[in-house]
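Observations on the three-dimensional arrangement
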Amino acid sequence: MRNLVPAIVFILLVLICGGCTDYSPQVQEYTRENFIMDTLISIKVYSSDAELGRKALDEAFAQFTRIGNLTDRFAEKNLTNPEISDVYRINQNAGLKPVQVSEDTLAMLKRSNYFAGLSDGAFDVTVGPVIDLWGFGQDQYYVPVDKELKSKLALVGYGAIVLDQAEKTVFLPAKGMEIDLGGIAKGYATDMAAQKLRQMGIESAIINAGGNVYALGAKPDGTPWLTGIQDPRNANKIIAVIQAKDMAVVTSGDYQRYFTRDGIRYHHILNPLTGKPTQEVISTTIMAPSATDADLLSTTLFVLGPQAGAEFIKQFSNTSAVFIDKQKKITLSPEMHQQIKFMDDSGYRLIKK
């Protein structure tokens, strides 16, 4: 869902600094940060060619800007020309007419609907009206009553989206329907940036899009990148590190976009079937070859919970997960055991199966 403040926070166990620094006589590090898609994006590339290193950063950040513009649901406030946002135009024309969109938007919607179908609606991009009812769309928080939720849930249903691949159009048949690509957009943009870097000949890079991390290749010395998983209840602490090479690592958690009413924490990851925040887990971390799929899975498995989520992820090869529940219990999918190392003082308990 849309992240004004990222719901995913990672601590990269690598030094992030400005400009470029020497790594070896042949290879240098080129790093840049920029605020795009409502989050701080940091990209580090290694190259023996200074011009290539800087150009690669330009091209990678251009992918985030492009995808961010296409998927901006609040483009009337954020963009000089709101019409460049496919999502904005789709929502504005709900119940009126189909809207011609880019290949990227079609690809994101097609993949989102695929996951929605597999998960029986645990992930659904049409949950936008419910997100806005809770106030997460623009950080004006509110706890709706069941009658209000029922009214908005009548507008939720990924199966109603009409995708015309031949005409490249998208149509929402009911007025008031809205799509929200916040659960896939950063992952997709990360994949596009990594693809661009590869095309330009970059063999070692790390992309951190507000916690959507992609490790391209290994570090220049040949060792894997290390990514830390944040303690969901302590922003200054990590509970584990994951080794990654040509892999994405993405976390969804209840600890960034939330508000409290009468001692109850309400977070932004909503179950599209109930319209309410899910309560079983507080964090899910996914490691997968695709940042797009990792982004989708981190939300889907958060909604499904450890038991159903562990079964669900078996459908995806070379993909693993970490679940953390409210009792500070950690459940791992089998593949993750080889990639993760926990801190001795984490305060969390690993459930061994």
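1. A short note on the pairing of strand β13 (residues 258-261)
A regular strand carries its side chains on alternate faces of the sheet. In this sheet, strand β14 (residues 264-267) lies alongside β13 in antiparallel orientation, the contact comprising four bridges. Bridging across to β14, F259 finds its partner in Y266.

2. Here's the deal with the sheet that holds strand β5 (residues 99-100)
Two modes of strand pairing occur in sheets, parallel and antiparallel, and in both the strands are linked by backbone hydrogen bonds. What the three strands build is an open sheet, ordered β5-β7-β6; its pairing is antiparallel. Of all strands in the sheet, those bounded by a partner on one side alone are β5 and β6 (162-164). Inspection of the sheet shows β6 paired to strand β7 (residues 169-171) by three bridges, in the antiparallel sense. Its bridge partner being in β7, D164 is matched across the sheet by T169. Sitting on the sheet, helix α4 (residues 103-118) is in contact with β6 and β7, with an inclination near 130° to β6.

3. Things to note about the side chain of T285
Take T285: it is sitting in strand β15 (residues 281-288). Within the local environment of T285, its side chain forms a polar contact with the side chain of T251, the two groups lying 2.6 Å apart.

4. As for the packing of aromatic side chains
For the coordinates displayed, the defined rule picks out 10 aromatic pairs. Ring centres of Y141 and F259 lie 4.8 Å apart, and the angle between their planes is 10°; on these two criteria the pair is classed as stacked. With Y141 in the loop between α5 (128-134) and α6 (146-153) and F259 in strand β13, this pair connects stretches of sequence that are 118 residues apart. Note on F259: relative accessible area 4%, which makes it buried. Following the ring pairs from residue to residue traces out a cluster consisting of W134, F136, Y141, F259 and Y266.

5. Notes on helix α8 (residues 291-312)
With 22 residues, α8 extends only 18 Å from end C-alpha to end C-alpha; this falls clearly short of the ideal 32 Å at 1.5 Å per step. Its axis deflected by about 130° at G305, α8 carries its strongest bend there, up to four residues before the proline P306. Burial of α8 is extensive: 17 of the 22 residues sit out of reach of the surface. Residue S290 occupies the N-cap position of α8, its side-chain oxygen lying 3.2 Å from the main-chain nitrogen of T292.

6. Some thoughts on the packing of helix α7 (residues 185-199) against α8
α8 packs onto α7 with a crossing angle of 165° between their chain directions and a minimal axis gap of 7 Å. The angle between α7 and α8 places the two elements in the roughly antiparallel class. Read as a crossing pair, α7 and α8 show a hand that is right-handed. In contact with A185, K186, G187, Y188, T190 and D191 of α7, α8 contributes A291, T292 and D295. For the contact of α7 with α8, the per-class residue count stands at three nonpolar, three polar and three charged.

7. Notes on the side chain of Q63
When you line up the elements, Q63 lands in helix α1 (residues 50-70). Judged by relative accessible area, Q63 falls into the buried class, the value being 11%. Not counting residues within four places of it along the chain, the set of residues in contact with Q63 comprises A189, M192, A193 and K196.

8. Thoughts on the environment of K152
On the secondary structure map, K152 appears in helix α6. Of the residues examined, K152 reaches a relative accessible area of 31% and is grouped as partly exposed. Contacts of K152, omitting those with residues within four sequence positions, involve P129, V130 and L133.

9. Comments concerning the pattern of salt bridges
Within this structure, the stated rule accounts for 15 salt bridges. The salt bridge involving R73 is made with D132; its shortest N-O contact spans 2.9 Å. Here R73, found in the loop between α1 and α2 (75-78), pairs with D132, found in helix α5; they are 59 residues apart in sequence, far enough to count as distant. Here R73 falls in the buried class, since its relative accessible area comes to 6%. Look at D132 and you get partly exposed, because its relative accessible area is 30%. Here D86 ties to R89 by a salt bridge, and the two come within 2.6 Å at their closest N and O atoms. Placement of the pair is D86 and R89 together in helix α3 (residues 86-92), with a separation of three residues, close to one helical turn. One network of salt bridges, with partners in common, ties together R73, D132, E178 and D180.

Criteria and cut-off values
- Residues numbered from 1 in each chain as written.
- Predicted model: local features only at pLDDT ≥ 70, side-chain atom pairs only at ≥ 80, totals over all residues.
- Heavy atoms only, no water.
- Pairing = 2+ DSSP bridges.
- Helix = DSSP H or I, 4+ residues; strand = E, 2+ residues; numbered from the N terminus.
- Contact = heavy atoms within 4.5 Å.
- Axes fitted to C-alpha atoms, helices over the stretch in contact; angles between N-to-C directions.
- Polar contact = N/O pair within 3.5 Å; in protein donor to acceptor, adjacent residues only side chain to side chain.
- Phe/Tyr/Trp six-rings, centres within 6.5 Å; stacked < 30°, edge-to-face > 60°.
- Buried < 20%, exposed > 50% of the residue type's maximum accessible area, 1.4 Å probe, protein only.
- Expected span 1.5 Å × (residues − 1).
- Bend = angle between axes of the 7 residues up to and from the residue.
- Parallel < 35°, antiparallel > 145°, perpendicular 65-115°, else oblique.
- Left-handed = near helix turned anticlockwise from the far one by under 90°.
- Nonpolar A, V, L, I, M, F, W, Y, C, P; charged D, E, K, R; others polar.
- Salt bridge = Lys/Arg side-chain N within 4 Å of Asp/Glu carboxyl O.

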